[in-house]
Amino acid sequence: MKQLTFFLTHLVLLLLPAGSFAQEPTPNDEARFLAGLPVRDTPLATLSLDRAWVAHATEFDTAWKTLDARQLAKIREWSAQFLTEAAASQDPLFYFFSGPDILYAQTFFPNASTYVLCGLEPVGEIPAVEKLPKGALAPALVNLRKALNSVLSFSFFITKEMKVDLNHTELSGTLPVLYVFLERAGSHIDSVELVGLDKTGAFVSEKAATHGVKILFTAAGGKQQTLYYFSSDLSNDGIKANPAFEKFCESLGTGRSFVKAASYLMHMSYFSAARDFLLEHSRTIVEDDSGIPFKDFDRVKWTVRIFGSYRAPIDLFKEKVQPDLADLYRTTHPAPLGFSFGYRWHPSDSCLLLAVPK
């Protein structure tokens, strides 16, 4: 049956008028292809007949259905109940130490006018799968799935693995992952532009201090939104040497903030600038215990609500135990989480903090 379908699809494509696919693929076409979604009426239709893409699409369909049932649908329910005003807000969303994880930012905060993501991972080139060398498509798609495996399975990226998988392929950097997440979330990518910032945070076309990408997309609900991803060092020394990203964020004013699986970096004194920025520019902060330390939320200024369960950090970060947070969990009865969040992959072991200024 599969062979018959494969043959008929080939036949239909051969009977199409010459020049039907002469135009260049749009960014949305490229993104749908990478996400394993149908590209029948696009210039990539013929390429989607490749057995490697068919396998890629099949695996992604299965993985995404599982992820949506296990994680995303439950996050949407949680946000509707506990994050009502913030989830409905069009305020910009800051997601430091994010890598290309637009997926969770968009699920928790679906109505942000602007998403600002930042990590050390490079942006990479704008994907053009039709220009891949012969024989490169199959390994490129395999590497893309490998790079996404941890976030699909555990809710966070394993940075070292992602760096290896996406640096040794024709599809490099964070852009392919951003494409996949946006398309699988039901968005339509309208335009993609590589951008640069000077040290004042202004956009420049040459001699940029910080490199990034700007993606305009129309979400499933029909509203156009903007996604920025910048590659930048958010340590104190990094910001001092190159304040471009921080200056850009300052230009957006006060927004909402999201932190997940952030390697406990803001627990360290040499990441205090990033921590202080979020505390000073956020109307809402959603994070796990690897984000801003619980002790740094001044109780005079902040109301902090906790969810789930607090366990000691995983072995890699075992020295980052927060006794005050553990006491709060022990002496109160926080609402459970129905989804995994942060480094603890099981929902019964995950913790989430919701902080709102008084």
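Residues numbered from 1 in each chain as written. Predicted model: local features only at pLDDT ≥ 70, side-chain atom pairs only at ≥ 80, totals over all residues. Heavy atoms only, no water.

**Describing the overall build of the protein**
Okay, step 1: Secondary structure assignment for the protein yields 12 helices and 10 strands.
Okay, step 2: Counting the 358 residues in the protein, one finds 52% classified as buried.
Okay, step 3: As displayed, the protein has an accessible area near 16400 Å², and 56% of this comes from carbon and sulfur atoms. (Helix = DSSP H or I, 4+ residues; strand = E, 2+ residues; numbered from the N terminus. Buried < 20%, exposed > 50% of the residue type's maximum accessible area, 1.4 Å probe, protein only. Areas by Shrake-Rupley, 256 points an atom, 1.4 Å probe, with all protein chains shown as cover.)

**Quick word on helix H3 (residues 51–82)**
Okay, step 1: Taking 1.5 Å per residue as the helical rise, H3 with its 32 residues ought to reach 46 Å, and the 44 Å between its terminal C-alpha atoms agrees with that figure.
Okay, step 2: At Asp 68, H3 is deflected by roughly 50°, the largest bend along its length.
Okay, step 3: Two or three places before Ala 52, at the start of H3, stands the capping residue Asp 50, its side-chain oxygen 2.7 Å from that residue's backbone nitrogen. (Expected span 1.5 Å × (residues − 1). Bend = angle between axes of the 7 residues up to and from the residue. Polar contact = N/O pair within 3.5 Å; in protein donor to acceptor, adjacent residues only side chain to side chain.)

**Topic: the packing of aromatic side chains**
Okay, step 1: Counting across every chain of the model gives 31 aromatic pairs.
Okay, step 2: Ring pairs connect the aromatic residues Trp 78, Phe 82, Tyr 95, Phe 108, Phe 109, Phe 258, Phe 307, Phe 339 and Phe 341, which therefore count as one cluster.
Okay, step 3: The ring of Tyr 104 carries the charged tip of Lys 260 above its face, separated from the ring centre by 4.5 Å. (Phe/Tyr/Trp six-rings, centres within 6.5 Å; stacked < 30°, edge-to-face > 60°. Lys NZ or Arg CZ within 6 Å of the ring centre and 35° of its normal.)

**Overview of the pairing of strand E2 (residues 114–119)**
Okay, step 1: Of all 6 residues in E2, 6 are buried, a share of seventy percent or more.
Okay, step 2: Side chains Thr 114, Val 116 and Cys 118 project from E2 onto one buried face, and the interleaved Tyr 115, Leu 117 and Gly 119 project onto a second face that is buried too.
Okay, step 3: Pairing between strand E1 (residues 93–95) and E2: 3 bridges, direction parallel. Residue Phe 94 lies in a different strand from E2, and its bridge partner there is Val 116.
Okay, step 4: Once the chain exits E1 it traverses helix H5 (residues 102–108) before rejoining the sheet at E2, and the crossover so formed is right-handed.
Okay, step 5: Of the pairings in the sheet, the one linking E2 to strand E6 (residues 224–231) comprises 6 bridges and is parallel in character. The residue bridging Val 116 from the neighbouring strand is Tyr 228, located in E6. (Pairing = 2+ DSSP bridges. Right-handed = clockwise from strand over helix to strand, strands pointing away.)

**Observations concerning the pattern of salt bridges**
Okay, step 1: All told, the structure shown has 13 salt bridges when counted by the stated rule.
Okay, step 2: Here Lys 260 makes a salt bridge to Asp 101, at a shortest N to O gap of 3.1 Å. Separated by 159 residues along the polypeptide, Lys 260 in the loop between strand E7 (255–259) and helix H11 (272–280) and Asp 101 in the loop between E1 and H5 bring together distant segments of the chain. Assigned by exposure class, Lys 260 and Asp 101 land together as buried.
Okay, step 3: Residue Asp 296 pairs with Lys 295 through a salt bridge whose shortest N-O separation is 3.4 Å.
Okay, step 4: For Asp 296, a relative accessible area of 22% gives the class partly exposed.
Okay, step 5: Shared partners join several salt bridges into a network, and the residues in it are Glu 85, Asp 91, Arg 256 and Arg 283. (Salt bridge = Lys/Arg side-chain N within 4 Å of Asp/Glu carboxyl O.)

**Overview of the sheet that holds strand E9 (residues 302–308)**
Within a sheet, each strand pairs with its neighbour through backbone hydrogen bonds, oriented either parallel or antiparallel.
Okay, step 1: With mixed pairing, 10 strands are arranged side by side in an open sheet as E4-E3-E5-E6-E2-E1-E7-E8-E10-E9. Edge positions in the open sheet fall to strand E4 (203–204) and E9, since each of these has one partner strand only.
Okay, step 2: By the bridge criterion, 7 bridges tie E9 to strand E10 (residues 351–357) in an arrangement that is antiparallel. From the neighbouring strand, Trp 302 faces E10, where its bridge partner is Pro 357.

**Some details on the packing of helix H2 (residues 27–34) against helix H8 (residues 175–184)**
Okay, step 1: Contact geometry for H2 and H8: axes closest at 8 Å, N-to-C directions at 85°. What the angle tells us is that H2 and H8 run roughly perpendicular. On H8, the residues touching Pro 27, Asn 28, Glu 30, Ala 31, Arg 32 and Leu 34 of H2 are Pro 176, Tyr 179, Val 180 and Glu 183.
Okay, step 2: For the contact of H2 with H8, the per-class residue count stands at 6 nonpolar, 1 polar and 3 charged. (Axes fitted to C-alpha atoms, helices over the stretch in contact; angles between N-to-C directions. Parallel < 35°, antiparallel > 145°, perpendicular 65-115°, else oblique. Contact = heavy atoms within 4.5 Å. Nonpolar A, V, L, I, M, F, W, Y, C, P; charged D, E, K, R; others polar.)

**A few points about unusual backbone geometry**
Okay, step 1: In this structure, Phe 97 is a non-glycine residue whose phi angle is positive, near 60°.
Okay, step 2: Assignment of secondary structure puts Phe 97 in the loop between E1 and H5.
Okay, step 3: Residue class for Phe 97 comes out buried when judged on its relative accessible area of 16%.
Okay, step 4: Phi is positive for Lys 207, which is not a glycine, with a value near 55°.
Okay, step 5: When you line up the elements, Lys 207 lands in the loop between E4 and strand E5 (210–218).

**What to know about H11**
Along an α-helix, residues three or four positions apart point the same way, because every turn accommodates 3.6 residues.
Okay, step 1: Taken together, the buried positions of H11 are Ser 272, Ala 274, Arg 275, Phe 277, Leu 278 and Leu 279.
Okay, step 2: Against the buried residues of H11 lie E1, helix H9 (236–241), helix H10 (244–251), E7, strand E8 (282–287) and E9.

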